[in-house]
Amino acid sequence: MLSLTCPCCGITAEETEFAPGGEAHLKRFGPGSSDEDFESYLFARKNPKGVHFERWRHAYGCGKWFLAARDTNTLEVFATYKAQTSEPPADVIAKIKAKRPDWEGYK
Amino acid sequence: MSDAVSALQGETHEGFVTVAEAGLMGMITIRCDLGSKGLAKALKAERLPVPGPRRIETVEGRSIAWMSPDELLLICPHAEAPALTERLSAALSGEHALIVNVSDARAMFTIRGAKADQVVMKLSPADVATLPAGEIRRSRTAQVAAAFWRSGEDEISLVSFRSVAGYVIGLLEVSARKGSELF
Ligand SMILES: [Zn+2]
């Protein structure tokens, strides 16, 4: 079972109280961008077995979006943090590295 | 004025506890910066506090609950809600705030009896057993959103959207049937 702690209201709840929002930290490519960038923004998603960064919404709770760093293989959640973050914060990276020393890192 | 009626007009079921639709309730949604001085002042004039995260405070027959980092729910007698909404709107007119009377968009239920929390435990993924008094928990009951809190000894109050009130009383009635206690 996947349990997440919402950083907006502090509640720890199981997965069905949340709505998944796909990969986190995407950079938007809109009008004026190259076809390759636009296509990659629309369709290309990471699908790792292991460390992954995701968007979640506390849909049945406070209603807010947040981000989560977790292991897609073990369902271990390393951290949840606020949505207004364009890349994983240093403390989140440090937590992951402490638990997954051979993780190749973000990007 | 039109004759306001609640969603289920007090429908009640007796099981190992009593579940009932609570009848007409006033509910006002307040959305704004919860840390603003204007909000604290506006609520103070109504003798109400600004509740901390996930708290619900009851003062003189009204309750005020923390719903999200920018939202409060004020529960009051149904007849009071329109005037209270107007007073709060006027008091917060200088703020980036939204005060809406949502009384007729909601339904409220009470679950009363020694094992009241077991009725909700069966319906919600929330850890009801550890829910402290004075805390409101937004979660779901089966397939619909609900918020609930311990409103008294052996009593839980639950709020849902009015459009699903029939579904919620059905859930509560089945969950409270005699012989289906968890422990
Ligand atoms: Zn939340």
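How each quantity is defined
- Residues numbered from 1 in each chain as written.
- Chains lettered and ligands numbered in written order.
- Predicted model: local features only at pLDDT ≥ 70, side-chain atom pairs only at ≥ 80, totals over all residues.
- Heavy atoms only, no water.
- Helix = DSSP H or I, 4+ residues; strand = E, 2+ residues; numbered from the N terminus.
- Rg over C-alpha atoms; globule rule 2.2 N^0.38 Å.
- Buried < 20%, exposed > 50% of the residue type's maximum accessible area, 1.4 Å probe, protein only.
- Lys, Arg positive; Asp, Glu negative; His and termini not counted.
- Charge placed at Lys NZ, Arg CZ, Asp CG, Glu CD.
- Donors = N, O, S within 2.8 Å, 3.2 Å for Na, K, Ca; no water.
- Tetrahedral: all angles 85-135°; square planar, octahedral: opposite > 155°, others 65-115°.
- Contact = heavy atoms within 4.5 Å.
- Buried area = accessible area lost by both parts, 1.4 Å probe.
- Salt bridge = Lys/Arg side-chain N within 4 Å of Asp/Glu carboxyl O.
- Polar contact = N/O pair within 3.5 Å; in protein donor to acceptor, adjacent residues only side chain to side chain.
- Nonpolar A, V, L, I, M, F, W, Y, C, P; charged D, E, K, R; others polar.
- Patch = residues over 30% accessible without salt bridge, like charges linked within 9 Å, V, L, I, M, F, W, Y side chains within 5 Å.
- Areas by Shrake-Rupley, 256 points an atom, 1.4 Å probe, with all protein chains shown as cover.
- Pairing = 2+ DSSP bridges.
- Axes fitted to C-alpha atoms, helices over the stretch in contact; angles between N-to-C directions.

Engineer: In this structure, what is going on with the overall build of chain B? I would like to understand it.
Structural biologist: When helices and strands are counted, chain B shows 4 helices and 11 strands. Its C-alpha radius of gyration of 17 Å places chain B within 12% of the 16 Å reference for a compact globule of 183 residues. Looking at chain B as a whole, 49% of its 183 residues are labelled buried. Looking at charge distribution, chain B has the averaged site of its 20 positive side-chain charges lying 4 Å from that of its 22 negative ones.

Engineer: Sorry if this is basic, but what is going on with the coordination of the zinc ion here?
Structural biologist: Where a metal carries four tetrahedral donors, each ideal angle is 109.5 degrees; where it carries six octahedral donors, the ideal angles are 90 or 180 degrees. All names here are of chain A. Protein-derived coordination of the zinc ion comes from C6 (SG), C9 (SG), H58 (ND1) and C62 (SG), at a distance range of 2.0 to 2.4 Å. Coordination at the zinc ion is tetrahedral: its 4 donor atoms span angles of 98 to 118° at the metal. Sequence positions of the donors to the zinc ion reduce to the motif C-x2-C-x48-H-x3-C. Of this pair, C9 sits in the loop between strand 1 (3-5) and strand 2 (12-14) while H58 sits in the loop between strand 4 (51-57) and strand 5 (65-71); the two residues are 49 residues apart in sequence, bridging distant segments of the chain. For C9, a relative accessible area of 8% gives the class buried.

Engineer: Would you mind going over the interface of chain A and chain B with me for this structure?
Structural biologist: Interface size is often expressed as the accessible area that is lost when the parts come together. Taken together, the contact pairs 13 residues of chain A with 17 residues of chain B. With both sides pooled, the region where chain A packs onto chain B buries about 1,100 Å², and carbon together with sulfur makes up 51% of that total. Summed over the three residues of chain A that lose the most area to chain B, namely I11(A), Y60(A) and K64(A), the buried surface amounts to 45% of that side. Our count for the chain A to chain B interface comes out at 3 salt bridges. A salt bridge links E14(A) to R140(B); its shortest N-O distance comes to 4.0 Å. Between chain A and chain B we count 8 residue pairs in polar contact (both at pLDDT 80 or more) in total. Class assignment for the residues of the side of chain A that touches chain B results in 6 nonpolar, 4 polar and 3 charged.

Engineer: Help me understand a negative patch on the surface in this model?
Structural biologist: Together, D35(A), E36(A), D37(A) and E39(A) give the surface a local cluster of negative charge. Residue position: E39(A) is located in helix 1 (residues 35-43).

Engineer: What's the story with the sheet that holds strand 3 (residues 26-31) of chain B in this structure? I'm lost.
Structural biologist: Strand-to-strand pairing in sheets goes through backbone hydrogen bonds, with the strands running parallel or antiparallel. Residue and element names in this part refer to chain B. Spatially, the 5 strands line up as an open sheet ordered 4-5-6-3-7, and their pairing is antiparallel. A strand with exactly one partner marks an edge of an open sheet, and here the two such strands are strand 4 (56-59) and strand 7 (98-101). Within this sheet the neighbouring strands show an average axis-to-axis angle of 20°, counted without direction. With 4 bridges joining them, strand 3 and strand 7 adopt antiparallel strand pairing.

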